[in-house]
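# Secondary and tertiary structure notes
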Amino acid sequence: MWADIGLLALRLALGVVFLGHGAQKAFGAFGGPGFSGATGFVASLGFRPARLWAVLAVGGELAAGLLFLLGLWTPLAGLLVLATMAVAIAKVHGPKGFFVQNGGYEYNLVLIVAAMAVAAVGPGAFSLEHVLQLAR
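Residues numbered from 1 in each chain as written. Predicted model: local features only at pLDDT ≥ 70, side-chain atom pairs only at ≥ 80, totals over all residues. Heavy atoms only, no water.

## Quick notes on unusual backbone geometry
Residue P49 is reached from R48 by a cis peptide bond, and omega for that bond is -10°. Topologically, P49 is positioned in the loop between α2 (34-44) and α3 (50-70). Of note, the phi angle at Q133 is positive, near 60°, even though the residue is not glycine. Inspection of the secondary structure puts Q133 in the segment after α6 (128-131). A relative accessible area of 74% places Q133 in the exposed class. (Helix = DSSP H or I, 4+ residues; strand = E, 2+ residues; numbered from the N terminus. Buried < 20%, exposed > 50% of the residue type's maximum accessible area, 1.4 Å probe, protein only.)

Have a look at this one:
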């Protein structure tokens, strides 16, 4: 039971983080740039067409957050986190080194590892996967 509570806590934390970051980029929530600002940032990284890549990045964050909160299709949620954070590391944080206080990739790496752990182990008993009998 304690493992299921731990998985629930980890899933909820990941869900809130990714829904929050996605909402910043999609809607300008929590002081975020909104979709036009996110699209401009994606363009500044060299992605073309920027709007398409922004939709994929923002949609990936929102979908991962919702799936982790619900405990549904957690392998897909983990892959979405891996994809968005790997691009963030490669294009933004990697050149700044490891530590987050220098703009580095430390935080992104922790998010990837946490998401991959849930994807590998499963969402636990307190999840829609368990209720719908989809859990591995």
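## Things to note about the packing of helix α1 (residues 2-27) against helix α5 (residues 106-121)
Contact pair α1 / α5: the axes reach a minimum separation of 11 Å and the direction vectors enclose 130°. In terms of orientation, α1 lies oblique with respect to α5. Where α1 crosses over α5, the two elements pack in a sense that is left-handed. Across the interface between the two elements, L7, L10, R11, L14, V17, F18 and H21 from α1 touch Y107, L111, A114, A115, V118 and V121 from α5. Class assignment of the residues belonging to the contact of α1 with α5 gives a composition of 11 nonpolar, 1 polar and 1 charged. (Axes fitted to C-alpha atoms, helices over the stretch in contact; angles between N-to-C directions. Parallel < 35°, antiparallel > 145°, perpendicular 65-115°, else oblique. Left-handed = near helix turned anticlockwise from the far one by under 90°. Contact = heavy atoms within 4.5 Å. Nonpolar A, V, L, I, M, F, W, Y, C, P; charged D, E, K, R; others polar.)

## Description of the pattern of salt bridges
Between side chains of opposite charge, pairing is possible as soon as their charged atoms come close. What the rule picks out here adds up to 1 salt bridge. K25 is the salt-bridge partner of E61, the closest N and O atoms lying 3.0 Å from each other. Of this pair, E61 sits in helix α3 while K25 is found in helix α1, placing the two residues 36 residues apart along the sequence. Looking at E61, the relative accessible area reads 7%, which means it is buried. (Salt bridge = Lys/Arg side-chain N within 4 Å of Asp/Glu carboxyl O.)

## Some points on α5
With 16 residues, α5 ought to run about 22 Å at 1.5 Å a step, and its terminal C-alpha atoms sit 23 Å apart, in line with that. All of the buried residues along α5 are N108, L111, I112, A114, A115, V118 and A119. Check the buried side of α5 and you find it contacts α1, α3 and α4 (74-93). G122 lies just past α5 and shows a positive phi near 105°. (Expected span 1.5 Å × (residues − 1).)

## A short note on a nonpolar patch on the surface
Side chains of L66, L70, W73, L76, L128, V131, L132 and L134 sit close together on the surface and give an oily, nonpolar patch of about 740 Å² of accessible area. If you list the elements that add at least two residues to the nonpolar patch, you get α3 and α6. Following the sequence through the fold, L128 ends up in helix α6. (Patch = residues over 30% accessible without salt bridge, like charges linked within 9 Å, V, L, I, M, F, W, Y side chains within 5 Å. Areas by Shrake-Rupley, 256 points an atom, 1.4 Å probe, with all protein chains shown as cover.)

## A few points about the packing of α1 against α3
Two numbers describe how α1 lies on α3: the axes approach to 7 Å, and their chain directions differ by 150°. Classified by the interaxial angle, the pair formed by α1 and α3 is roughly antiparallel. α1 and α3 meet at a crossing whose hand is left-handed. Here R11, L12, L14, G15, V16, F18, L19, H21, G22, A23, K25 and A26 of α1 come into contact with α3, specifically with V58, E61, L62, G65, L66, F68, L69 and L70. Split by residue class, the contact of α1 with α3 holds 13 nonpolar, 4 polar and 3 charged.

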